[in-house]
Structures are given as structure tokens and as C-alpha cells.
Amino acid sequence: MIILGAGPIATEMAQAFCRLGTRVSVVQRSDQILSKEDKDLADEVMNVLIGEGVSFHLNASVVRTKDLGNEREVTIKTAEGKTVNLNAETLLVAMGREANLKGLGLEGIGVDFDRKGLKLDQRLRTTQRHIYGAGDVTGTYLFTHAAGYEGGIVVSNAIFHLPRKVDYTFLPWCTYTDPELASVGMNEKAAQSAGVKYSVWREEFKDNDRSLAEGEKVGKIKMLLDEKEKPIGIQILGPRAGDLVAEWVAVVNGKVKLSTLAAAVHPYPTLGEINKKVAGTFLSEKIFSEKVKKGLKFFFHLRGRACGEQSL
Ligand SMILES: Cc1cc2nc3c(=O)[nH]c(=O)nc-3n(C[C@H](O)[C@H](O)[C@H](O)COP(=O)(O)OP(=O)(O)OC[C@H]3O[C@@H](n4cnc5c(N)ncnc54)[C@H](O)[C@@H]3O)c2cc1C
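Residues numbered from 1 in each chain as written. Predicted model: local features only at pLDDT ≥ 70, side-chain atom pairs only at ≥ 80, totals over all residues. Heavy atoms only, no water.

Trainee: Just checking my understanding: could you explain the pattern of salt bridges for this structure?
Mentor: If the charged atoms of two oppositely charged side chains come close together, the side chains can form a pair. Following the criterion strictly, the structure yields 16 salt bridges and no others. Here Asp 67 makes a salt bridge to Arg 72, at a shortest N to O gap of 2.8 Å. A relative accessible area of 23% places Arg 72 in the partly exposed class. A salt bridge links Lys 277 to Glu 203; the shortest N-O distance between them is 3.4 Å. Note that Lys 277 is positioned in helix 8 (residues 273-287) and Glu 203 in strand 10 (residues 199-204), a separation of 74 residues in sequence. One continuous salt-bridge network, built from bridges that share partners, spans Asp 38, Asp 40, Glu 188, Arg 202 and Lys 222. (Salt bridge = Lys/Arg side-chain N within 4 Å of Asp/Glu carboxyl O. Buried < 20%, exposed > 50% of the residue type's maximum accessible area, 1.4 Å probe, protein only. Helix = DSSP H or I, 4+ residues; strand = E, 2+ residues; numbered from the N terminus.)

Take a look at the structure:
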């Protein structure tokens, strides 16, 4: 199978078909898979898939596809400018989805849309204010949970007349590869393109006892803090990352302090301990600053002398 594109669906399918015994090649235009994710995490996912037998052609553009009867042929141009033919029984095109709004007659009733989807305001009203949009037709976040969230906004505005605006700041998502890659808030890429200054804190699953007990050594958590040391985004690559990110969904939406998370007792041994640990790592660096370390050294030096033989 040749898969065109390396977004979440393409990557999930590549691993699934590979595990079912299919030889899979993925063709991707950019220099990484899962383009919206930070490259370090996306590369880790790719390396897992390579280890399982999937092959990747990055920085490759599709020149043409041909149906040869028994097989399909895809001609690509590689990063080095070479033209290469790939042949496979099946071709899976996963290069993104867009709303199919043509043919509904929206133009005739003054509802504007473009290739991405409906033109909506923050209350999800179209250019005809009594007509609303929710779900993939918004062209923003193409997820089931985004559709559910937007549905709630529409019900609030249209049925209950309670003005509510959409806010995607902390809309989470997860790519269901094994290991999973989950995210809420900004990653490094998003923070850099928004010009937001941040620091990154990491913990690895190889240091989590439950993860080790289950034989899972791949992955990490990345916590991004802004200049005020508030969490602006968390990415988790690892076992059940989609579930683990839920604690962070509560933290960022509820403006929970990192000290509260770090002080809260988590059951042992659980994967969730990694959430507490990354918060604790950040706090311990703050608590045990050079100044504090110097102070403690001085204090224990004094005590040491007071308790020593000379004082007897
Ligand atoms: C392979 C794949 C995997 C995915 N995995 C995930 C995932 O793991 N997690 C996640 O959150 N999201 C996932 N998604 C995305 C998710 O499926 C969509 O974001 C979600 O279904 C959007 O809901 P919706 O109601 O807007 O659109 P849809 O679920 O597409 O529903 C639209 C409905 O409208 C109907 N319709 C279309 N035109 C007309 C018409 N003219 N008249 C009447 N009815 C019409 C369609 O038949 C369809 O039933 C995945 C998508 C794909 C393709």
C-alpha cells in the first residue's frame, strides 16, 4: 500500500495496515510526519513505525499517479530532485479533508463559504445570522469532540439565546498510533509562530514505573510554560497519552496551579504520575535555586558544628 500524506489519519492507517501484514510506504511533502506536531515528537512516532516496517518518503512531491490494472503506480520527486516510481496494489489518499458545500445552494441564500468551509463569526453564525455552522463544515478543528463542542455553542446561541463564543485555546487532540500522541494548548511550533516566549519541561516514560512494568519505554511529556510560568501547552507521546492529557485539560481550563498538581497524591504505580512529576521537576528547580542551596549549605554547616564533638 502507498499512502499519500502523513497526517494523523494517514499515520494511524500506516501503522494499522502494517500490523495487519501489509507492506506500507508513506509519501509526505514536508520534512516530517504529523506536520502540526513538534518535529521531535513526530520523529519519535515515525521511528516507531519505521521499526515496525513502514517506509517513509519525506520531502517528496507527487508528480502523477497511474492505474496499471493489477497495480497502482505513484511517481514522486524526491528531496534530491530524483524521479522515482513506487508501485503497490493499493493507494490510500489521506491528504486532508474539506467540507463539501457545493450543490447546497448556499450561494443563492447569501451564506458565504470558501474551500475551507463556512464563513462564521465567533458565535458560529454564518453570513445569514440565523443560520449556524458546527462540525467539519467550520473548517477549523476537524474532530468529533470539536463538533460536539461547537454543537453546544450553537444550541446556546440559537435556542437559549445565551451569547457564547467559541474558544479553541485549549482544544485537545490525539493521534491514535501506538504510542499515542496527545496535545492540549500550544506546542513549540505554535508558540514560536505566535511569538510567545516559553520554557519547556520534560519527563520520559522510561522513568515511569508503570510504563516500565508494561514494557513501554518510548515517549515523553513536554510541558510549555509562558514567561509568567503558567502552562500554555502540554504534549504527551506515550502509552494512553489521550487519557493522560485529560488531567491537563482540567489544569489549563481550571487554571489549576502547578503546585496544586505537584502536591496532589497520585496512585502508584500509574502512568498519570508523569503529570505530577513534570510539574514537580519545574517546581523543585525553583525551590532549590542556587540561592536556596547556598542558604541550606550555610545552615547545615552551622548545625554540623553545633552537633559535632567540639560542642560537647
Ligand atoms: C478515517 C477518519 C478517522 C477519524 N478519527 C477521528 C478520531 O479519532 N477522533 C476525532 O475526534 N475525529 C476523528 N475523525 C474526524 C471526525 O470523524 C469528524 O471530525 C466528525 O465526524 C465531524 O462531525 P460532523 O458531524 O461535522 O460531520 P460527519 O460526521 O461527517 O457528519 C456529516 C453528516 O452529514 C451527512 N450529509 C452530508 N451532506 C448532506 C446533505 N446534503 N444532506 C443531508 N445529509 C448530508 C453525511 O452523510 C454525514 O452523516 C476522523 C475522520 C476520519 C475520516
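Trainee: For this particular structure, what's the right way to read the site of the ligand?
Mentor: For the ligand, the full set of nearby residues is Ile 9, Arg 97, Leu 104, Gly 135, Asp 136, Leu 142, Phe 143, Thr 144, His 145, Ala 147 and Tyr 176. A distance of 3.2 Å separates an oxygen atom of the ligand from a polar atom in the backbone of Leu 142. Here Phe 143 contributes a backbone N or O atom positioned 3.2 Å from an oxygen atom of the ligand. Coverage of the ligand by the protein chains reaches 38% of its 1000 Å² of free accessible surface. When residues of the shell around the ligand are assigned to their parent elements, the largest contribution, three residues, is made by helix 3 (residues 144-159). (Near = heavy atom within 4 Å. Polar contact = N/O pair within 3.5 Å; in protein donor to acceptor, adjacent residues only side chain to side chain. Areas by Shrake-Rupley, 256 points an atom, 1.4 Å probe, with all protein chains shown as cover.)

Trainee: Is there a simple way to explain the nonpolar core in this structure?
Mentor: Inside soluble globular proteins, nonpolar side chains tend to come together where they are buried. Counting 25 residues, the largest nonpolar core has Ile 221, Met 223, Ile 234, Ile 236, Trp 248, Leu 258 and Phe 282 as its most contacted members. Listing elements by their share of this core, those giving two or more residues are strand 9 (180-185), strand 11 (220-225), strand 12 (231-238), helix 6 (241-253), helix 7 (258-263) and helix 8. Residue contributions to this core peak at six residues, all from helix 6. Membership of the second largest hydrophobic core comes to 20 residues, among which are Ala 6, Ala 14, Met 46 and Leu 237. (Core = buried A, V, L, I, M, F, W, Y, C linked by side-chain atoms within 4.5 Å.)

Trainee: Would you mind going over the environment of Lys 66 with me for this structure?
Mentor: Within the secondary structure, Lys 66 sits in strand 4 (residues 61-67). Placed 21 residues apart in sequence, Lys 66 and Asn 87 show a C-alpha to C-alpha distance of 9.5 Å. Not counting the four nearest positions on each side in its chain, Lys 66 is found in contact with Glu 71, Arg 72 and Glu 73. (Contact = heavy atoms within 4.5 Å.)

Trainee: Quick question: what am I supposed to make of the pairing of strand 5 (residues 72-77) here?
Mentor: Each regular strand displays side chains that alternate between the two surfaces of the sheet. Note that strand 4 and strand 5 share six bridges and pair antiparallel. Bridging from a neighbouring strand, Ser 61 pairs with Lys 77 of strand 5. Between the end of strand 4 and the start of strand 5, which pair antiparallel, lie four residues, with Gly 69 showing a positive phi angle near 90 degrees. As paired elements, strand 5 and strand 6 (residues 83-88) share six bridges and run antiparallel to each other. Counterpart to Lys 77 in the pairing with strand 6 is Thr 83. The loop that links strand 5 with its antiparallel partner strand 6 comprises five residues; one of these, Gly 81, has a positive phi angle of about 85 degrees. (Pairing = 2+ DSSP bridges.)

Trainee: When you look at the packing of aromatic side chains in this model, what are you seeing that I'm missing?
Mentor: Here a ring pair, both rings aromatic, is described through the centre-centre distance and the interplanar angle of the planes. Applying the stated criterion to the full structure yields five aromatic pairs. Taken together, a centroid distance of 5.2 Å and an interplanar angle of 70 degrees make the contact between Trp 201 and Phe 282 edge-to-face. Separated by 81 residues along the polypeptide, Trp 201 in strand 10 and Phe 282 in helix 8 bring together distant segments of the chain. Each member of the pair, Trp 201 as well as Phe 282, is classed as buried. The rings of Tyr 141, Phe 143, Tyr 149, Tyr 168 and Trp 173 are connected pair by pair, giving a single aromatic cluster. (Phe/Tyr/Trp six-rings, centres within 6.5 Å; stacked < 30°, edge-to-face > 60°.)

Trainee: Which parts of the structure should I look at to understand the sheet that holds strand 9?
Mentor: Working definition: the strands of a sheet are paired by backbone hydrogen bonds and lie parallel or antiparallel to each other. Strand order in the open sheet formed by five strands is 8-9-12-11-10, and the pairing between neighbours is antiparallel. Sheet topology places strand 8 (173-175) and strand 10 at the edges, where each strand pairs with a single neighbour. Each strand axis lies, on average, 10 degrees off the axis of its neighbour in the sheet, ignoring direction. Pairing of strand 11 with strand 12 involves six bridges; the strand directions are antiparallel. The partner of Leu 224 across the bridge, within strand 12, is Gly 233. (Axes fitted to C-alpha atoms, helices over the stretch in contact; angles between N-to-C directions.)

Trainee: Sorry, what's going on with the side chain of Thr 177 here?
Mentor: Checked against the element boundaries, Thr 177 lands in the loop between strand 8 and strand 9. Setting aside its immediate chain neighbours within four residues, Thr 177 contacts Thr 11, Glu 12, Gln 15 and Val 45.

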